[in-house]
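Chain by chain, the residues:
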Amino acid sequence: MVKRTRFDGESCPVARSVDVVGDWWSLLIVRDAFDGSRRFGDFQRSLGVAKNILSARLRSLVDNGILETVPAGARHEYVLTAKGEALFPVIVALRQWGEAFAFEAGEPHSQLLDRRDQQPLRPLEVHAADGRLITAADTEVRKDR
C-alpha cells in the first residue's frame, strides 16, 4: 500500500487544509452533512462508498474536529462542528465552480437554493479588506521563514 503524503507540517494553509479534507470522500461527506445526512447509513446510501472507506473518513473527520458524534438512541449520529460549518463557503465555491465548468450548457444538475426565497445563491466573490473586488492577480503570498 502506498503511504499517504502528509501536509500537516507545511507552512501553507492550503496544504494543511488539504491534509484534513482534501480527498473527495471527505468533501462529499461534508457536503452530505450540510444536506442533512447524519447516520452512517445515510452517508453510505448517498455516496455508495465501501463501508471501510466511509468508516475511515468519518473517523478522520471526527478526529480532526470537522464532525462530532452525538448519541441517537442505541447508535450515534454525525453532526458538523463549528469547524465543519466553517467549510460551507468551500463547498459553495466548489459547487459554483462545478456549475460553471463541469456541465454542458443546459445539462441538469442539483442546485443550492436560499431556503427563504428559493433562489440560487449569488456567485461567491473575494473582497479586499477595503471592500473592493479582487482576483488572483491582485494578491500575493508572503511566506514566513
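Since we're looking at a predicted model, the values are computed, not measured. (Residues numbered from 1 in each chain as written. Predicted model: local features only at pLDDT ≥ 70, side-chain atom pairs only at ≥ 80, totals over all residues. Heavy atoms only, no water.)

Q: So what's going on with the nonpolar core? Which residues, and what values?
A: Judged by nonpolar contacts, the single largest core of 18 residues is most densely connected at I29, V30, F43, L58, L61 and L67. Elements with a contribution of two residues or more to this core: α2 (24–34), α3 (40–47), α4 (51–63) and β2 (75–80). With five residues, α2 is the largest single contributor of residues to this core. Each residue touching L58, except ones within four places of it in the same chain, is listed here: I29, F40, F43, L67 and Y78. (Core = buried A, V, L, I, M, F, W, Y, C linked by side-chain atoms within 4.5 Å. Buried < 20%, exposed > 50% of the residue type's maximum accessible area, 1.4 Å probe, protein only. Helix = DSSP H or I, 4+ residues; strand = E, 2+ residues; numbered from the N terminus. Contact = heavy atoms within 4.5 Å.)

Q: Kindly report on the pairing of strand β1 (residues 67–72), identifying the contributing residues and their values.
A: Pairing analysis gives six bridges linking β1 to β2, with the strands arranged antiparallel. Bridging across to β2, E68 finds its partner in V79. Counted along the chain from β1 to the antiparallel partner β2, the turn is two residues long, and its residue G73 has a positive phi close to 70 degrees. (Pairing = 2+ DSSP bridges.)

Q: Could you give an account of helix α6 (residues 88–101), with specific residues and numbers?
A: Compared with the 20 Å implied by 1.5 Å per residue over 14 residues, the 20 Å span of α6 between its first and last C-alpha is a close match. Turning to α6, its buried residues number three or more, namely I91, V92, Q96 and G98. Along the long axis of α6, the arc covered by the buried residues comes to 160 degrees, so they all point the same way. Away from the buried face of α6 by more than 90 degrees, exposed residues W97 and F101 are located. (Expected span 1.5 Å × (residues − 1). Arc of directions from axis to C-beta.)

Q: Any chance you could break down the packing of α2 against α6 for me, citing the residues and the numbers?
A: For the pair α2 and α6, the least separation of the axes is 10 Å and the interaxial angle reads 105 degrees. Relative to α6, α2 is oriented roughly perpendicular. In this structure, α2 uses L27, V30, R31 and F34 to contact α6, whose residues at the interface are F88, I91 and L94. Grouping the amino acids of the contact of α2 with α6 by side-chain chemistry returns six nonpolar, no polar and one charged. (Axes fitted to C-alpha atoms, helices over the stretch in contact; angles between N-to-C directions. Parallel < 35°, antiparallel > 145°, perpendicular 65-115°, else oblique. Nonpolar A, V, L, I, M, F, W, Y, C, P; charged D, E, K, R; others polar.)

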